[in-house]
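Structural overview
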Amino acid sequence: MKNISLKSTLSITVLLTATTLSFTGCSSYSHANNQASPIQQKQTNLGSVLTDNLGMTLYTFDKDKPNVSNCNNGCAIKWPPLLNSNLSIANKHFSIITRADNTKQWALDGKPLYRWFKDKKPGDTTGDGVKSVWHVAKP
């Protein structure tokens, strides 16, 4: 077993503490262990929608299968997936799926969550209805 130095242990502790504190006070969905998720609820022109921690609207894609993203390569450039930071934990409604490229993505009730590259500011919902297969994620 490899020895971990006190300096490394303290660095890891500081990083985890800072990450935990950065979530304190966010208006977000919380997990069973009271850890905040990067998913929030916000009022928009379309009513209450789910957003990322920066207030950018999240979307679902009709062509996805339960717990499987079908938006890869060029699609994922226009519709960036909401990736998991590996510090967050799933709960009853929010799960973490593994994408084709082995990255981890958030899903709502099995539906992978994405942002839209044409949304420029928090609360924009310009991706709703694109090609009749993209929809804002609703709580």
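It should be noted that the structure appears before, not after, this text.
Residues numbered from 1 in each chain as written. Predicted model: local features only at pLDDT ≥ 70, side-chain atom pairs only at ≥ 80, totals over all residues. Heavy atoms only, no water.

**Structural notes on the state of the cysteines**
Applying the stated criterion across every chain yields a total of one disulfide. Each disulfide pairs two cysteine sulfurs, and for Cys71 the partner residue is Cys75, the sulfurs being separated by 2.0 Å. Across the S-S bond linking Cys71 and Cys75, the dihedral sits near -105°, which makes this disulfide left-handed. Residue classification places Cys71 among the buried positions, given a relative accessible area of 0%. Judged by relative accessible area, Cys75 falls into the partly exposed class, the value being 24%. (Disulfide = S-S within 2.5 Å. Buried < 20%, exposed > 50% of the residue type's maximum accessible area, 1.4 Å probe, protein only.)

**Considerations on the environment of Asn72**
Relative to the assigned elements, Asn72 resides in the loop between strand E4 (59-61) and helix H2 (74-78). Relative accessible area serves as the criterion here: at 26%, Asn72 is assigned to the partly exposed category. When the C-alpha positions of Asn72 and Asp101 are compared, they lie 8.5 Å apart, and in sequence the two are 29 residues distant. If near-sequence neighbours (up to four positions away) are discounted, Asn72 is found in contact with Arg99 and Ala100. Here Arg99 takes part through its side chain, which lies 3.2 Å from a polar atom of the side chain of Asn72. (Helix = DSSP H or I, 4+ residues; strand = E, 2+ residues; numbered from the N terminus. Contact = heavy atoms within 4.5 Å. Polar contact = N/O pair within 3.5 Å; in protein donor to acceptor, adjacent residues only side chain to side chain.)

**Some details on the side chain of Gln40**
Along the chain, Gln40 falls in strand E2 (residues 36-44). Given the relative accessible area of 14%, Gln40 is considered buried. Among the polar contacts listed, one links the side chain of Gln40 to the backbone oxygen of Asn53, at a separation of 3.5 Å.

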